[in-house]
Amino acid sequence: MSLHLELLNPEQLAAVTLPDEHGLILAGAGSGKTRVLTTRIAWLIKGGRTVPARVLAVTFTNKAAREMLTRVTAMLPANPRGMWMGTFHGLANRMLRSHFRDAGLPQAFQIMDSQDQLALVKRLAKGLNIDEERFPPRELAWFINANKEEGVRARDVTVTDENMRRMADFYAAYDEQCQKEGVVDFPELLLRSYELLKRNEILREHYAQRFQYILVDEFQDTNRLQYRWLKLFAGAGAKYFCVGDDDQSIYTFRGAHVGNMADYEREFKVQKVVRLEQNYRSHGNILDAANALIANNRNRLGKNLWTAAGKGEPVRVFEGESDSDEARWIVEEVQALNRDNTPLSQMAVLYRSNAQSRVVEHSLFSRGIAYRVYGGLRFFERAEIKHALAYLRLVALPDDDNAFIRVANFPPRGIGARTMEQLQDAAKQAGKSLFAVAAGSKAATFRALIETLRNETQGLPLKEVVEHVVEKSGLKEHYKTEREGADRIENLDELVNAAAAFTEDDREVESGEAADPLTAFLTHAALEAGEHQAGEGADALQLMTVHSAKGLEFDVVFMSGLEEGLFPSEKSVTERDGLEEERRLAYVAITRARKRLYLSHAQTRMLHGMTRYAMPSRFLEEIPNNLMKWLTPRFQKQKAFTPDFSRQTRTTVQNKPPRDVGGFRIGQNVVHAKFGSGVIIDAEGQGGDARVQVNFGSHGVKWLAVAVANLKAA
DNA sequence: TACTTTGTCCTTTTT
DNA sequence: GGACAAAGTA
């Protein structure tokens, strides 16, 4: 219940007790960021400087929001009611629920997750006869989201060419359809609530007056719209407290705008930027490695982490012959550490892309080591759950066409593609929803089923509503006949449990007064897909992408797949500032480790079903050698190069066993007098006629006659 | 209409 | 290697 201010270092204390002015806190990895943020809120409230209802605290993830609430609550004598604490999307939702009429939405408006959105885009694109080759649905969805996140509506899109015009037209049609159905996508939540306040001065004044302290976590990840949304509350004397780390900005690919930090500092005339540079997490060598690596980035606000802990162990580096060799080694190392009393849950294997988990999983499985993969299918994203939710959505809001299409013929009721097409035509003609035109069609029985469900569940408590719909929809019955349906039925039961656990408090905090319990529950399902996974508490090795590791820490970290074309990814090399983002990603990965860090790479890797050969990542070169200990012989020192992998990696051969060609083999590192170092990726011929194909990075891919080229083994 | 087979496509993803 | 969609078959 105490704040324990005496345990803070001077910078942390300065941040926590910052006087009434706007603050910008540059908080390095492991510098006690969350602690500063939560202690400040508690300090403001406890010192009588404000009351909970006048605090607005924003984070990016539900997990972070929950953690913040728990920690603030622990420091206060009473449960702080009335505080607005949550994710950007959660808070925007809450605002829209409270003012649904002003926002032009139905009371029971439904939220589409990315899956739903893509389904709608596909359906709409088909209906408008849009060429999927020229305008892939994914790109259309991306275009819409990117514009919304910049605060740009369809009519405001700057049209530069014909393609752009067609995309903008599609964007307009998409928004119109959403409006017709009463559904909103993720960015729409924010844009809508932004426009609502922008337009409605009375509401804006109300909220600006109310919120006295606005605190933002992970500020480096905010996009332009989120920043503008935050600024709506300025003007009535609200004080901002933004915490972020530009070196950990790893979401620019999704619209995050690090420039917000500099903009904020300038626009709000921030007097003093507080830098939290003391790291309480990692040993010295690990931190030095991270610092050295990130120093290669040009666009930084500047910061250098230090620690009072000792140097610790060197960073260990391993080169595998193949990805499976790398995985085998990781697993052996994990086993050895585990025998020496490091719990499995304190070790993590990090990788750049999800596909990499498979080899490691395989290796772990064959040795019977418990592990948990993060970032898989989440609870509310499972097919059977999506189906059940679709029934519930139709009960709450019949016009939701996505939901209609999902379950009209599931379980099968003889409503095929043709019937559905007819319905869609009719709906388009009449300007109505599928549900509305279903009466009198082949889908009339389905429509009647939904009507019945709606009547039967009217006024029932949430748990019973969900239970009833799950039973009467025929889903359970259907899964009983399926071979692997038992798990699905179990999940459906779990959904009923989730509904039972969803309390009045949750409803109020998440969606506000205006939402009925069912709609609030569906909102909860959409916004919090449910990290809830089996085996959560068990002692298991942690497997995840570097992205999902942000904010976490482990005693031991394995950073795998450090290869050119993978980490940094081949796409990043050609993107503007792509390499810098990859480097920040590597920085995030390194700084997850407390005591021991392993870096590994493999000479060959199975990717997209074919073996490819890669050179070690440039990031390995950027870490000073004196911090590292090579468990395998150090690779040939290479000159700095910028390989263009965009075409070349595709030229790798499929499944050719290593064989000798004129003294060389595929996958071997070689040096050429003119082209520098490279990797042999293919070979043909024998003896004096032998030729090898070599990937020289920036010097391209070349076929060379062994007898002439004078290649040297590297 | 519903199930099986073939062809294409591959980063990262808090909401 | 694996997800997903289009094409093929009962």
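Coordinates for the structure precede this section.
Every chain is numbered on its own, with residues counted from 1 as its sequence reads. All chains are assigned letters beginning with A, and all ligands numbers beginning with 1, in the order in which they are written. Owing to the predicted nature of the model, reporting of local features is limited to residues with pLDDT of at least 70; listing and counting of side-chain atom pairs is limited to 80 or more, with chain, interface and lining totals taken over all residues. Side-chain measures here rest on the full set of heavy atoms in the structure, leaving out hydrogens and waters.

**Q** Honestly, the overall build of chain A in this entry has me stumped. Any pointers?
**A** Secondary structure counts use DSSP, requiring at least four H or I residues in a row for a helix and at least two E residues in a row for a strand, with both numbered from the N terminus. When helices and strands are tallied, chain A shows 30 helices and 21 strands. Its C-alpha atoms give chain A a radius of gyration of 28 Å, within 12% of the compact-globule value 27 Å for 714 residues. Overall, the C-alpha framework of chain A stretches about 80 × 70 × 55 Å when taken along its three principal axes. Each of the 714 residues in chain A was classed as buried or not, and the buried ones make up 55%. Pairs at least 24 apart in sequence give 75% of the contacts found in chain A among residues at least 6 apart. Total accessible area on chain A stands at roughly 31200 Å², and carbon and sulfur atoms take up 49% of it. Under this rule, positive means Lys or Arg and negative means Asp or Glu; His and the chain ends count for nothing. Charge positions are represented by NZ for Lys, CZ for Arg, CG for Asp and CD for Glu. When the 94 basic and 94 acidic side-chain charges of chain A are each reduced to a single mean position, those positions are 3 Å apart. Only C-alpha atoms enter the radius of gyration, while the globule expectation follows 2.2 Å times N to the 0.38, with N the number of residues. Each residue is placed in one exposure class: buried if its accessible area under a 1.4 Å probe, protein chains only, is under 20% of its type's maximum, exposed if it is over 50%, and partly exposed if it falls in between. In this description, contact between two residues means that some pair of their heavy atoms is separated by no more than 4.5 Å. Computed by Shrake-Rupley with a 1.4 Å probe, the accessible areas treat only the displayed protein chains as cover when residues are assessed.

**Q** Any chance you could explain the protein's contact with DNA strand B here in plain terms?
**A** In this text, near means that some heavy atom of the residue lies within 4 Å of the molecule or strand in question. Neighbouring residues of DNA strand B: 31 residues in total, closest Asn-62, Tyr-251, Arg-254, Arg-352 and Thr-545. The sugar-phosphate share of atoms of DNA strand B within 4 Å of the protein amounts to 49%. Polar contact is the term for a pair of N or O atoms within 3.5 Å; when the atoms are in protein, one must be able to donate a hydrogen and the other to accept it, and sequence-neighboring residues count only if both atoms are side-chain atoms. A distance of 3.4 Å separates a base oxygen of DNA strand B from a polar side-chain atom of His-89. Between a base oxygen of DNA strand B and a side-chain N or O atom of Ser-114, the distance comes to 3.4 Å. Counting residues per element, the surface near DNA strand B draws most heavily on helix H17 (residues 417–430), which supplies three residues. Amino acids outside the nonpolar list (Ala, Val, Leu, Ile, Met, Phe, Trp, Tyr, Cys, Pro) and the charged list (Asp, Glu, Lys, Arg) are all regarded as polar, and Gly is one of them. Along the lines of polarity and charge, the residues of the surface near DNA strand B split into seven nonpolar, 15 polar and nine charged.

**Q** I keep staring at the protein's contact with DNA strand C and nothing clicks. Help me out?
**A** Residues in close proximity to DNA strand C include Lys-122, Arg-358, His-608 and Gly-609, which together make up its full environment. Taken together, the sugar and phosphate atoms account for 38% of what DNA strand C places within 4 Å of the protein. Within the side chain of Lys-122, an N or O atom sits 2.6 Å from a phosphate oxygen of DNA strand C. Contact distances for DNA strand C include 2.8 Å between a base oxygen and a backbone N or O atom of His-608. For the surface near DNA strand C, the residue count by class is no nonpolar, two polar and two charged.

**Q** How do you make sense of the side chain of Ser-322 when you look at a structure like this?
**A** Mapping Ser-322 onto the fold places it in strand S9 (residues 315–322). Of note is the side chain of Ser-322, whose polar atom sits 3.1 Å from the side chain of Ser-324. In this structure, Ser-322 is in contact with Ala-602, Gln-603 and Thr-604, ignoring residues within four places of it in sequence.

**Q** Which parts of the structure should I look at to understand the pattern of salt bridges?
**A** When a carboxyl oxygen of Asp or Glu lies within 4 Å of a side-chain nitrogen of Lys or Arg, that pair is called a salt bridge. Inspection of the entire model under this criterion finds 54 salt bridges. With a closest N to O distance of 2.6 Å, Arg-352 and Glu-582 form a salt bridge. Here the residue Arg-352 occupies a position in the loop between strand S10 (347–351) and helix H14 (357–367), and Glu-582 occupies one in helix H27 (residues 578–590), the gap between them amounting to 230 residues. Across this residue pair, the class does not change: Arg-352 and Glu-582 are buried. Of the charged contacts, one joins Glu-570 and Arg-612 as a salt bridge, the two residues approaching to 3.0 Å between their closest N and O atoms. Highlighted residues: Glu-570 in helix H26 (residues 570–574) and Arg-612 in strand S15 (residues 610–613), separated in sequence by 42 residues. Residue Arg-612 is classed as buried on the basis of its relative accessible area of 9%. By sharing partners, the salt bridges in this structure join Lys-148, Arg-153, Asp-175, Asp-185, Glu-188, Arg-192 and Glu-195 into a single network.

**Q** Sorry, what's going on with the sheet that holds strand S6 (residues 213–216) here?
**A** Backbone hydrogen bonds hold the strands of a sheet together, and the pairing may be parallel or antiparallel. The pairing criterion for strands is at least two bridges between them, as found by DSSP. Strands sit in the order S3-S2-S6-S7-S1-S8 across an open sheet of six strands; the sheet is parallel. Each edge of the open sheet carries a strand with a single partner, namely strand S3 (84–87) and strand S8 (273–276). Sheet twist, expressed as the mean angle between neighbouring strand axes with direction ignored, is 15 degrees. To get an axis, fit a line to the C-alpha atoms, keeping to the stretch in contact for a helix; angles then go from 0 to 180 degrees between the N-to-C directions. Helix H11 (residues 259–267) rests against strand S1 (23–27), strand S7 (239–244) and S8 of the sheet, and its axis sits at about 150 degrees to S1.

**Q** Hey, could you run me through unusual backbone geometry in this one?
**A** With the exception of glycine, the majority of residues adopt a negative phi angle, and the majority of peptide bonds are in the trans configuration. Geometrically, the link from Phe-410 to Pro-411 is a cis peptide bond, its omega value of -5 degrees lying close to zero. Counting through the fold element by element, Pro-411 comes out in the loop between helix H16 (401–407) and H17. Look at the link from Phe-567 to Pro-568: it is a cis peptide, with omega at 10 degrees. With respect to the secondary-structure elements, Pro-568 resides in the loop between strand S13 (554–559) and H26. Unusually for a residue other than glycine, Glu-218 sits at a positive phi of about 50 degrees. In this structure, Glu-218 sits in the loop between S6 and helix H10 (224–231). On the accessibility criterion, Glu-218 (17% relative accessible area) is buried. Even without glycine at this site, Lys-269 takes up a positive phi of about 50 degrees. Position of Lys-269 relative to the elements: it lies in the loop between H11 and S8.

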